[in-house]
Amino acid sequence: MPVNMQQLYTEVCSEQNQPINPFIAEILSQTEEQELYASTLKLCGNNRLVQVQRVSDEDFLVLAQVLSKNSFITNLDLRYNRVTDNGAAHIATFLQNNSSVLCLNIMGNEIGTDGSEHITKALHRNTTLLSLRMTGDKIGNKGGMLFASMLQINSTLEELDLGDCDLGIQSLIALATVLLQNKTLKSLNLNRPIFYVMQEDTTVHLSEMLRVNSTLQELHLSKHEITDFGVQRLCDALHENHTLKYLNLSCNKITRDGVKYLAEVLKINKTLEILDLASNRMEDDGALYLAEAIYLYNRSLKALSVVSNNISGKGLQALAAAIKANNCLLYIYIWGNKINQEASMAFSQLLQSGRLSSSSTDVQPYVVDGRVCLAEIFHGLKKHYYWTPSYGMADDPICNSTFAICNDY
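Residues numbered from 1 in each chain as written. Predicted model: local features only at pLDDT ≥ 70, side-chain atom pairs only at ≥ 80, totals over all residues. Heavy atoms only, no water.

- Where an unreviewed UniProt entry is consulted, the protein appears under the name LOC100127617 protein, with the organism given as Xenopus tropicalis.

1. Details of the nonpolar core
Turning to step 1, where the next piece is worked out: By size, the foremost hydrophobic cluster in this structure holds 111 residues, and its most contacted members are Leu41, Ile119, Leu132, Met134, Leu304 and Phe347.
Turning to step 2, where the next piece is worked out: Leu304 has contacts with Leu275, Leu290, Ile294, Leu319, Leu329, Tyr331, Ile332 and Tyr333, leaving out every residue within four places of it along the chain.
Turning to step 3, where the next piece is worked out: Counting 10 residues, the second largest nonpolar core, distinct from the first, contains Ala303, Val307, Leu381 and Cys406. (Core = buried A, V, L, I, M, F, W, Y, C linked by side-chain atoms within 4.5 Å. Buried < 20%, exposed > 50% of the residue type's maximum accessible area, 1.4 Å probe, protein only. Contact = heavy atoms within 4.5 Å.)

2. Remarks on the sheet that holds strand β3 (residues 103-105)
Turning to step 1, where the next piece is worked out: The strand order across the open sheet formed by 11 strands is β1-β2-β3-β4-β5-β6-β7-β8-β9-β10-β11, and the pairing between neighbours is parallel. Looking at strand neighbours, the two that pair on one side only are β1 (40-42) and β11 (331-333), the edges of this open sheet. Across the sheet, the mean angle from the axis of one strand to that of its neighbour is 5°, orientation sign disregarded.
Turning to step 2, where the next piece is worked out: In this sheet, strand β9 (residues 274-276) lies alongside strand β8 (residues 246-248) in parallel orientation, the contact comprising 3 bridges. (Pairing = 2+ DSSP bridges. Helix = DSSP H or I, 4+ residues; strand = E, 2+ residues; numbered from the N terminus. Axes fitted to C-alpha atoms, helices over the stretch in contact; angles between N-to-C directions.)

3. Examining the packing of helix α6 (residues 140-153) against helix α7 (residues 169-178)
Turning to step 1, where the next piece is worked out: Closest axis-to-axis distance for the α6/α7 pair is 8 Å, and the angle between their directions is 10°. The angle between α6 and α7 falls in the class roughly parallel. Of α7, the residues touching α6 (which contributes Asn141, Gly144, Met145, Phe147, Ala148, Leu151 and Gln152) are Ile169, Gln170, Ser171, Ala174, Leu175 and Val178.
Turning to step 2, where the next piece is worked out: Its residues assigned to classes, the contact of α6 with α7 shows 8 nonpolar, 5 polar and no charged. (Parallel < 35°, antiparallel > 145°, perpendicular 65-115°, else oblique. Nonpolar A, V, L, I, M, F, W, Y, C, P; charged D, E, K, R; others polar.)

4. Thoughts on the pattern of salt bridges
Turning to step 1, where the next piece is worked out: All told, the structure shown has 14 salt bridges when counted by the stated rule.
Turning to step 2, where the next piece is worked out: Among the ionic pairs, Lys302 bridges to Glu273, the shortest N-O distance being 3.9 Å. Of the two residues, Lys302 sits in the loop between α11 (283-296) and β10 (303-305) while Glu273 sits in the loop between α10 (256-268) and β9, which places them 29 residues apart along the sequence.
Turning to step 3, where the next piece is worked out: Put simply, Glu208, Arg211, Arg233 and Glu240 are held in one network by salt bridges that share partners. (Salt bridge = Lys/Arg side-chain N within 4 Å of Asp/Glu carboxyl O.)

5. Some points on the packing of α7 against helix α8 (residues 201-212)
Turning to step 1, where the next piece is worked out: Relative orientation of the contacting elements α7 and α8 amounts to 10°, with a least axis distance of 9 Å. Between α7 and α8, the crossing angle belongs to the class labelled roughly parallel. Residues Ile169, Leu172, Ile173 and Ala176 of α7 touch α8, and the partners they reach there are Thr202, His205, Leu206 and Met209.

6. So, the pairing of strand β12 (residues 363-368)
Turning to step 1, where the next piece is worked out: As paired strands, β12 and strand β13 (residues 371-376) are joined by 6 bridges and run antiparallel to one another. What sits directly across from Val368, in β13, is Arg371.
Turning to step 2, where the next piece is worked out: Here β12 hands over to β13 after 2 residues, with Asp369 in that stretch at a positive phi of 55°.

Structure follows, in structure tokens:
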């Protein structure tokens, strides 16, 4: 039978002369009330419902001893705490000795290059961890190289999130090269690297990787300075790739010409289900290219984001007509464009007819003086990427299409 985690935590703190963290004690107490059979332990430092005293290196050292006695915890969420490189050494020891944790989220902590070295060395030997999220930990280019080396050895990890980690060109190329051979990783987040040149060498290497990789299902390349040239190379690879389901190209420099290449891919691609093109500049011409592909050809895409792309009413109306004709596209996000009266009417009709659910788009119609307008609502592809509720679901999962679709993978 599971032991009393709160009591054990208090005893270990006393043995090590370590002050009790009331936040940890409270969360463990809540877990106790749930009969200790919940598989997820959330100790989020940005918890808005509980008074938080963020987890430190010393706190985790004690917590690791508590968790070693409770093998039912498979998902450990430590986002936005104060775990440093020293704490990363404790995490590494924990990963080497613990065989129950499958998912570890340490995003938004203070882990740097030294900490990434500890963790990657532990993952050389760990054979159980499936998911690791390090978003926002400034591991730098050297840390990225260490993770690339780790992926040459580790054959268990399926999801790796290195977004906003200050990766450099060398580490991106190294990761792309490793994935030519790695047959395990299914999801990779490389958002917002640090570039000092405007060339697209990394996009070329990632394209070559996609051409031969038959395992990767999810790839995030937001804020990569990708231009139409880079999109063309990616699309050349996607013509030969038959496994990628989720492609994130948001916050790049893609215009209508780049979107035209993507539309050509959508005409023949039968695997891509989520396409994020938010915060580019496709304008009406790009929207028309996508609308044609969706209207006439594509029957695999389930979610599309064209938020903030300088699209006016003409392009939005074309997308609305394509959605009406294509029953496979279930989620569409359009806020931040030039929404006029005609576009408002078109999307209002989609919602009123039931073709679109109010939870599967980011706009909601309302009427003022007989005119239909659209208001923004907080729905999106990755609604809970930086924030999750302290317990349960904050809303219907369908409001966050990434959850709704990826759970089927």
